[in-house]
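# Report on the structure
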Amino acid sequence: MVKFYEAKNGYISIGANHQHQYVNMCKALGLEHMIEDERFVDHAARSVNNEALRSIFVQTFKSFDAEEIETKLSRVGVPVAK
C-alpha cells in the first residue's frame with residue numbers, strides 16, 4: 001500500500017510494504033526505536049496501530065525536505081517518490 005506524506009517542501013509517496021523495507025526506512029530516518037516497539041514490530045501490529053504509526057511518520061517527514069527523504073529511502077531500497 002502506498003502512503004502519502006507531507007514533507008517540508010512538498011509531498012512524497014512511500015511504498016514500504018515488506019518488513020525489510022519498514023526496518024530500512026526506520027533506520028534511514030533515525031527511528032530505530034520503532035523497529036522493536038511492540039506496536040510496530042510486524043505488519044499485523046502496524047495495521048492495528050496504524051493511527052499511532054502514521055502520526056509519528058507525519059511528524060518525522062515534515063522535518064525533512066522531500067528530496068532528502070527520497071534520497072535517504074532510495075538508498076536503502078524503499079520505494080519512494082516526490
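This text gives an overview of the structure that appears in the document. Note that the coordinates shown come from a computational prediction; the quantities given were computed from them, not determined experimentally. (Residues numbered from 1 in each chain as written. Predicted model: local features only at pLDDT ≥ 70, side-chain atom pairs only at ≥ 80, totals over all residues. Heavy atoms only, no water.)

The subject of this paragraph is the layout of surface pockets. Its boundaries defined by the atoms lining it, the largest pocket holds a volume of some 380 Å³. Lining of the largest pocket is provided by 17 residues; of these, Lys-3, Ala-16, Arg-46, Asn-50 and Leu-53 occupy positions nearest its centre. When residues of the lining of the largest pocket are traced back to their parent elements, those giving at least two are strand E1 (3–7), helix H1 (19–28), helix H3 (43–48) and helix H4 (50–61). Among the elements that make up the lining of the largest pocket, the one with the highest residue count is H4 (five residues). Split by residue class, the lining of the largest pocket holds nine nonpolar, five polar and three charged. (1 Å grid on protein atoms, 1.4 Å probe; cavity = no way out; pocket = protein on both sides within 12 Å on 5 of 7 lines; lining within 4 Å. Points joined across faces, edges and corners; volume = space filled by probe spheres on them. Helix = DSSP H or I, 4+ residues; strand = E, 2+ residues; numbered from the N terminus. Nonpolar A, V, L, I, M, F, W, Y, C, P; charged D, E, K, R; others polar.)

So, about the packing of aromatic side chains. In this structure the tally under the stated criterion is three aromatic pairs. Between Tyr-5 and Phe-57, the aromatic rings sit 6.1 Å apart at their centres with planes inclined by 80°, giving edge-to-face as the arrangement. Of this pair, Tyr-5 sits in strand E1 while Phe-57 is found in helix H4, placing the two residues 52 residues apart along the sequence. Summarising the burial analysis for this pair, Tyr-5 and Phe-57 share the class buried. Their ring planes at 50° and their centres at 4.7 Å tell us that Tyr-5 and Phe-61 sit as a pair that is tilted. Here Tyr-5 is found in strand E1, whereas its partner Phe-61 is found in helix H4, with 56 residues between them in sequence. (Phe/Tyr/Trp six-rings, centres within 6.5 Å; stacked < 30°, edge-to-face > 60°. Buried < 20%, exposed > 50% of the residue type's maximum accessible area, 1.4 Å probe, protein only.)

Any functional reading would require information that these geometric values do not contain.
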